Amino acid sequence: MGLPSHRLDPRMLRVWYASSLALIAGTVVVGAVATLIVQRLGGPVLIPVAIAAALLVIELCDMAISPRVEYATWRYEVTPTEVDLYHGVFVKKRAIVPLVRVQHVETKQGPFLKASGLAAVRISTAGESFEIPGLAEDDANMLRDRVAELARLAKEDV
């Protein structure tokens, strides 16, 4: 069985970069506040600065690598009987979700997805949920409707 053929929208890269930048900004703010608090209390300011700097290095390295690798590996396929998902940066994950087990399908958008004209499709079964993170809004809505219809048909055949 080969890899699924459909890919995420390329704009998803911008969303991942924006999310990383927001995390970096949060780290800078928390590091600055922690440094000011330690300074006011008369403690060694080098400790919060070193921790924040280490976190920033890790976050910058992650931002430089993860979005491109994640985008390159993300694949999905919807067949009349299942949804096949493949993704991962360091740990590759493959999930095959039988449509007969699908209980709920929804689209969702956070602020970064909305700003980029993208949406995520979440597929829920009794035990867990699976998400396709970045599709054009129209594509996400069509995929949601298609998975819901195929799941309904799969349950009728049982």
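Residues numbered from 1 in each chain as written. Predicted model: local features only at pLDDT ≥ 70, side-chain atom pairs only at ≥ 80, totals over all residues. Heavy atoms only, no water.

**Some words on the sheet that holds strand β6 (residues 129-136)**
- Taken in spatial order, the three strands of this open sheet run β4-β5-β6, and their pairing is antiparallel. Sheet topology places β4 (104-108) and β6 at the edges, where each strand pairs with a single neighbour. Averaged over all neighbouring strand pairs, the angle between strand axes comes to 20°, with direction disregarded.
- Looking at chain direction, strand β5 (residues 118-124) and β6 are connected through six bridges and run antiparallel. Opposite S124, over in β6, you have S129 as the bridge partner.
- Sheet strands in contact with helix α4 (residues 137-157) are β4, β5 and β6, and its direction is about 145° off that of β6. (Pairing = 2+ DSSP bridges. Helix = DSSP H or I, 4+ residues; strand = E, 2+ residues; numbered from the N terminus. Axes fitted to C-alpha atoms, helices over the stretch in contact; angles between N-to-C directions. Contact = heavy atoms within 4.5 Å.)

**Focus on the sheet that holds strand β2 (residues 82-87)**
- Strands sit in the order β1-β2-β3 across an open sheet of three strands; the sheet is antiparallel. Looking at which strands have only one partner, the edges of the open sheet turn out to be β1 (75-78) and β3 (93-98). On average, each strand axis in the sheet is tilted by 5° relative to the strand beside it, whichever way the strands run.
- Bridge count between β1 and β2: four bridges; the pairing is antiparallel. Residue pairing in the sheet places E77 in a bridge with D84 of β2.
- Contacts from α4 reach β1 and β2 within the one sheet, and its direction differs from that of β1 by about 45°.

**Structural notes on the pattern of salt bridges**
- One pass over the full model with this rule turns up eight salt bridges.
- For K108, the salt bridge identified is with E131, shortest N-O distance 3.3 Å. Here the residue K108 occupies a position in strand β4, and E131 occupies one in strand β6, the gap between them amounting to 23 residues.
- Overall, K108 belongs to the partly exposed group, its relative accessible area being 35%.
- Its salt-bridge partner being D145, residue R144 comes within 3.0 Å of it at the nearest N-O pair.
- The class of R144 is partly exposed, set by a relative accessible area of 22%. (Salt bridge = Lys/Arg side-chain N within 4 Å of Asp/Glu carboxyl O. Buried < 20%, exposed > 50% of the residue type's maximum accessible area, 1.4 Å probe, protein only.)

**A few points about the nonpolar core**
- Of all hydrophobic cores here, the largest spans 31 residues; its most connected members are L8, V83, I132, L135, L143 and V147.
- Elements with a contribution of two residues or more to this core: α1 (12-40), β1, β2, β3, β5, β6 and α4.
- Counting residues per element, this core draws most heavily on α4, at six residues.
- Setting aside residues up to four positions removed in sequence, L135 forms contacts with R7, L8, D9, Y76, G117, L118, A119, V121, A140 and L143. (Core = buried A, V, L, I, M, F, W, Y, C linked by side-chain atoms within 4.5 Å.)

**Regarding helix α2 (residues 46-73)**
- Across its 28 residues, α2 extends 40 Å between first and last C-alpha, which sits within 8% of the 40 Å expected from 1.5 Å per residue.
- Where α2 bends most, at M63, the angle is about 30°, and the proline P67 comes one to four residues later.
- Packing partners of the buried residues in α2 comprise α1, β1 and β2. (Expected span 1.5 Å × (residues − 1). Bend = angle between axes of the 7 residues up to and from the residue.)

**What to know about the pairing of β3**
- In this sheet, β3 lies alongside β2 in antiparallel orientation, the contact comprising six bridges. Opposite L85, over in β3, you have A95 as the bridge partner.
- Adjacent in sequence and paired antiparallel, β2 and β3 are bridged by five residues, among which G88 carries a positive phi angle near 140°.

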